Amino acid sequence: MNKRLLIANRSEIAIRIIRSAHKLGLTAVVLQSDKEPDALYLQYADEIIQAKDATNDKPIFLDAERIVQIALDHQIDLIHPGYGFLSENPDFAALCEKSGINFVGPSPDLIRNMGIKTIAKKMAIEAGLPLVPGSDGAVADVQKALDSAKKIGYPVLLKASAGGGGRGMRIVEKPETMERNFKSAFDEATAAFGNGDLFVEKYLENPKHIEFQILGDKFGNVIQLGERECSLQRKHQKLLEEAPSASISPKTRKKMGKMAVKFAKSIGYFSAGTIEYILDEDGTFYFMEMNTRIQVEHPVTEMVTGVDLVDWQIKIALGQKLTLTQAKVKTTGWAIECRVNTEDPQNRFSPQTGFIEKIRFPQNTNIRIETGVQNGSVVTPYFDSMIAKIIVQGSTRQEAIDNTLEALEDFSLIGLKTTVPFCRTVLQDPEFVSARYTTRWVTQFFNPNMLENEDDELIGALAATIIYAAEYLQIASDAPASRNESLNVWVLNKRINK
Amino acid sequence: MGTSYIYKRDASRLFIAMRENGKRFKIYLPKESMPVIDNMEQDINFIEQSDFQYLFEWKGKRYNCELVSRDQNKTTVKVNGVEYKFSLESLFSYVRHGMIDKDGKQTDENNIKSPMPGKIVDIFLAEGDLVNVGEPILSLEAMKMQNEITAPCNGVIGKIHVSTGQSVMKDDLLVEVTSIDV
Amino acid sequence: MNKNEVFEQRKKALQQMEANAAVKQHLKGKLTARERITVLFDEGTFFEFDAFNEPAQSSLSGKQSAFGDGVVVGRGLIQGRSVFAYAQDFTVLGGSLGFTHGSKIAKVQEMALKLGAPIVGLIDSGGARIQEGMKSLAAYAAIFRNNVRSSGIIPQISIILGPAAGGAVYSPALTDFIFMTNQTSYMFVTGPDVVKEVLNQDIDMESLGGANVHAQKSGVAHFVYDDEEHAIMYARKLLSYLPSNNFEPTPIATNIQFYESRQEFLNKIIPDDTNRPYDMKEIINILVDKDTFFEVHEKYAQNILVGFARLDGKTIGIVANQPKVMAGTLDINASVKGARFVRFCDAFNIPLLILEDVPGFLPGTEQEHSGIIRNGAKLLYAFCEATVPKITVILRKAYGGAYIVMSSKNTGGDFNFAWPTAEIAVMGPAGAIKIVNRAELSKAENKALLEKTLIEKYKNDIANPYKSEELGLIDEVINPSDTRKTLITAFDILSNKQYSKPERKHGSIPM
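Analysis parameters
- Residues numbered from 1 in each chain as written.
- Chains lettered and ligands numbered in written order.
- Predicted model: local features only at pLDDT ≥ 70, side-chain atom pairs only at ≥ 80, totals over all residues.
- Heavy atoms only, no water.
- Domains from an automatic or database assignment.
- Contact = heavy atoms within 4.5 Å.
- Buried area = accessible area lost by both parts, 1.4 Å probe.
- Patch = residues over 30% accessible without salt bridge, like charges linked within 9 Å, V, L, I, M, F, W, Y side chains within 5 Å.
- Areas by Shrake-Rupley, 256 points an atom, 1.4 Å probe, with all protein chains shown as cover.
- Salt bridge = Lys/Arg side-chain N within 4 Å of Asp/Glu carboxyl O.
- Lys, Arg positive; Asp, Glu negative; His and termini not counted.
- Charge placed at Lys NZ, Arg CZ, Asp CG, Glu CD.
- Helix = DSSP H or I, 4+ residues; strand = E, 2+ residues; numbered from the N terminus.
- Buried < 20%, exposed > 50% of the residue type's maximum accessible area, 1.4 Å probe, protein only.
- Axes fitted to C-alpha atoms, helices over the stretch in contact; angles between N-to-C directions.
- Parallel < 35°, antiparallel > 145°, perpendicular 65-115°, else oblique.
- Left-handed = near helix turned anticlockwise from the far one by under 90°.
- Nonpolar A, V, L, I, M, F, W, Y, C, P; charged D, E, K, R; others polar.
- Pairing = 2+ DSSP bridges.

Let's talk about the domain arrangement of chain C
Residue and element names in this part refer to chain C.
- Splitting chain C by domain gives domain 1 (3–241), domain 2 (263–427 + 464–495) and domain 3 (429–462).
- Its C-alpha centre places domain 2 at a distance of 29 Å from the equivalent point of domain 3.
- Opposite the 9 residues of domain 2 that make contact, domain 3 presents 9 residues.
- For the pair domain 2 and domain 3, the summed buried area comes to about 620 Å², and 49% of that belongs to carbon and sulfur atoms.
- Three residues stand out in domain 2 for area buried against domain 3, namely Met427, Asn464 and Lys467, and they jointly supply 64% of the buried area on that side.

Written as structure tokens, this is what we have:
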């Protein structure tokens, strides 16, 4: 009997996993949330299990215990968590393991360790990976902070250890301003978290986000499949990714890749994973964190390497050996992924909900489309705003950029606004084209006026005029647009006699 | 009765589309040929219209337009995923708006003088009429030829200094026109 | 002077007056009275009379500059249908209403009534002509009386294109619809000067009685446009929905289009979460013929939507709760707005479509003390009184008193349909279970959990539309995407509806 794979996810990634499942001869089973009973991914599955969401905030995909119970009830062999939801929840992975279900991903311990930043960083140091220079734990007072900053080199960042969301965070440019900033950061952190502990870290003014894809099996074999650059972000949300990166030299690439493999081996990693680095202007790089799931942007790597990552993820989970060796991994050409989010780039990326009345994707041999929606789909506020991804290839970076722009021209969506015009703007921006762009591009360079275009504006003026003129000229016209019907005698009599 | 008035309901198919940032498009929609935008005929093909969208082709490219919202004469359209908001007016209502605007640019006086000596044969417009640029105002016979004197700008006819049958010398003041910048 | 000469002279004088007026008005961004008439009517169809009436005041008589006494009256065609109109001319004696001026208006009103044709007033007047004293007030009174006599017999439309102050505001107020223009039209009973004198309050014309004030706050204006041309043009559009009189059937559009592919959306348009708002206008636009919804009182009491539309070419009046604004609750303003519209439709035999999603009346001292009881009763009265075909579709919430008011079955609704998402009950689930299950709840250990299950149970067992269907209070639970089809059939069935009312002078609506 075929093995049965339950996909604990939705939308485009569910469809992506179903594709691999079918290739490997597995039966693909999906969960139907009552939040989107007509979702596109359901059409691709072999079996659909109806699952009621616990609450609006907790859809079935976040309900670990119920998913495992459903899996047991339906004789499921493997669970693929996709990305997001429970994909990096060690308790879920542990629960699967305990219930005898094969979790497609690394072991619960690996997920847990990589999920706790301090532990992950410690393990990285042990493996010899560079970390962003900083104070060893919290600094007690201004003097300690100054000492530490002197060692690191200005500018530095004061960060609340309990922190998050930018509170208790200060950039210190020079020693003279340390005292003032230390105090205000301390007060802010105390007020916000009840803990004023601060630590000092090197502040990177123009950082880039580079990540390495790795694959490891349960027999200790680990390979890396090159890097992706995901510097184009807004509030830590990636919007456009490319592979490879034009920002690193072959030498740095080799070094970063080697270190990634070394680190993964040192912790006994298996399944697909990603090692994220932060790259400074001068070319130095530091380890940030490791993701233990398949990433949204995995298709760019697949496109340039020709390796099917999800296939391998499942095969590794099934206990197969990684027969793909490092020597066999070759990257050719360039690939760019544009995320199609239903967000309004003209209005601070506010999320859009409603109907997709009509959607049209570009088609070509160098284009790959991953979509979770079709004509008539509803975008609800309950789930992520990413509805599709457009991945385009070219033999060089410039060709990839040109091809992507051409592809985006053929994309259209009636009903909602998306980030596609934003991607178009990025691809034409000199900072991006010259590969100088950093994670601060959106805050530094982007302004909604850049989305506009003179030709579009003129066509818009014409369309608006045509729409307006249709009504105006009809009212202005002297010709009768209606007729009167004669009154039925029954009605007429009653009206007269009342 | 039988009194006829010169002013007509404006069904002239000439419209002004104005963006919030003040950018203006003068759009003429002839019944059976290409639209004229800012006095230039544009080779824009209207490919199809469905419930939701208008599809144009221009300079070899396709343009997807969608009506986003309408509030009286304010129309928002989405072109290739980006919204543009326009307020629309017929030419005459636009001209009148210009006059409400106290600090509008309309105060230019344009005095039409006789280009040559001759005789006024006919006056087509009356004081207070709105005129479009190039529209004939009066007919002047000189050297056995009838010459049409046309409006130098869009605007309102002010005082008419001549009457039919009157002979005029070169540079005699004929008509005052208050221009409204369109 | 021979008779021909007089004729020529008068014609010339009129042209001179028009030219003078044009210069004055155009530079203020306004049209002249005759130009407004030209915009209103089909080309060349206006037939003017009484153009050479002289002012009653002797000092003005014989002056050619005052021919017609500041008002143009006559009849023209609007898309081929007969309509009467009067247009006040601000350039003649400030458009002030003298005896002759008033008599001309009264005459055209009487003709309109006699001939069963709508009347449009283009108003631009400084008010009563003080020099003529009580005569001018008497003229006003005659106009008001005619307004009331014509009410419910012919549609009366007022387009305010300049000032309307003092008693002059009451003629528009008595008509069915008021159009105003931004920045150039004002309406108030007492002007800024008096306000300053009596109350020592500084206020300008625009914020005292400008178009936006009347569109949003007072509800006096039904339609507001940026300029005169649009205001007058859209009055043409409004008339295209209306019959010429209360005997004539409504006009039927010849070109019928609708959003066919959007009908499916109706199945998904109501959010799962019953407390999430949605835009009722979207639903209306899908249901009715393409781009035919013409909203009345768009900016006033937005928690209820009223307006005309075409369904299969035929005019209907729509009254709908708007969940997007104040959750669609009924308050004083919404009740009054709805009631007025329902009565207009009833008077002119325009069938009513009620789209219902109403959680109830707006609670609070402000509403109670201002008389929500008295005012809510107006809407109830209007629906009960209306004898036109009435079809209600309950989309979601229909609770308690508000359910009854919105043309429920037993107030005389001809067809009452419900979508499967409807919740019909005496009160909302959260409130109901607190009363019904009080004992259980007070003893419960996990109150929140019990409440949740009770609410679910209430929604499933009591508030569902099939229960009401069984009771005959709902004629049919319909598939949302079939609504348009169902409505067309239902209105067709009802098209010959006649309903005799008991004989009486008129009812006593709680004013």
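Having seen the structure, we can now continue with the description.
Focus: a negative patch on the surface
All names here are of chain A.
- A contiguous patch of negative charge, built from Glu173, Glu205, Glu281 and Asp282, is present on the exposed surface.
- Tracing the chain through its elements places Glu281 in the loop between strand 12 (271–279) and strand 13 (285–291).
- With a relative accessible area of 57%, Glu281 lands in the exposed category.

Some points on the packing of helix 15 (residues 454–476) of chain A against helix 9 (residues 228–241) of chain C
- Viewed as axis vectors pointing N to C, helix 15 of chain A and helix 9 of chain C meet at an angle of 70°, and their least axial separation amounts to 9 Å. In this view, helix 15 of chain A runs roughly perpendicular relative to helix 9 of chain C, as classed from their interaxial angle. Of the two possible hands of crossing, helix 15 of chain A and helix 9 of chain C adopt the one that is left-handed. Contacts from A:Tyr468, A:Glu471, A:Tyr472, A:Ile475 and A:Ala476 of helix 15 of chain A reach helix 9 of chain C at C:Glu229, C:His230, C:Met233, C:Tyr234, C:Arg236 and C:Lys237.
- Split into classes, the residues belonging to the contact of helix 15 of chain A with helix 9 of chain C amount to 6 nonpolar, 1 polar and 4 charged.

What about the packing of helix 3 (residues 90–98) of chain A against helix 4 (residues 108–115) of chain A?
Residue and element names in this part refer to chain A.
- The N-to-C vectors of helix 3 and helix 4 enclose an angle of 175°; their axes lie 8 Å apart at closest approach. Judged on the interaxial angle alone, helix 4 and helix 3 are roughly antiparallel. Along its contact with helix 3, which presents Pro90, Asp91, Ala93, Ala94 and Glu97, the element helix 4 presents Pro108, Ile111 and Arg112.
- Each residue belonging to the contact of helix 3 with helix 4 can be placed in one class, and the counts come to 5 nonpolar, no polar and 3 charged.

Quick look at the interface of chain A and chain B
- Across the contact, 37 residues belong to chain A and 44 residues belong to chain B.
- Summed over both partners, the interface of chain A with chain B buries about 3,900 Å², with 64% contributed by carbon and sulfur atoms.
- Counting the surface chain A buries against chain B, the share from its top three residues, A:Glu457, A:Ile467 and A:Tyr468, is 16%.
- Put simply, chain A and chain B have 8 salt bridges between them.
- With a shortest N-O distance of 3.9 Å, A:Glu409 and B:Lys61 are connected by a salt bridge.
- Breaking the side of chain A that touches chain B down by element, the ones donating at least two residues are strand 18 (358–360), strand 22 (412–414), helix 12 (420–428) and helix 15 of chain A.
- Here the side of chain A that touches chain B takes 20 residues from helix 15 of chain A, the largest share from any one element.
- Here the residues of the side of chain A that touches chain B are counted per class, giving 18 nonpolar, 6 polar and 13 charged.

Structural notes on the sheet that holds strand 11 (residues 237–243) of chain A
All names here are of chain A.
- Reading across from one edge, 13-12-9-10-11-14-21-19 is the order of the 8 strands in this open sheet, with antiparallel pairing throughout. Looking at the sheet topology across the chains shown, the edges are occupied by strand 13 and strand 19 (367–371). Neighbouring strand axes in the sheet, compared pairwise and without regard to direction, differ in orientation by 25° on average.
- Across 8 bridges, the pairing between strand 14 (residues 334–341) and strand 21 (residues 386–394) is antiparallel. Residue Arg339 lies in a different strand from strand 21, and its bridge partner there is Lys389.
- On the sheet, helix 1 (residues 11–23) packs against strand 19 and strand 21 and is oriented at approximately 115° with respect to strand 19.
- Relative to strand 9 (residues 208–216), helix 10 (residues 309–317) is tilted by about 45°, and along the sheet it contacts strand 9, strand 10 (222–234) and strand 12.

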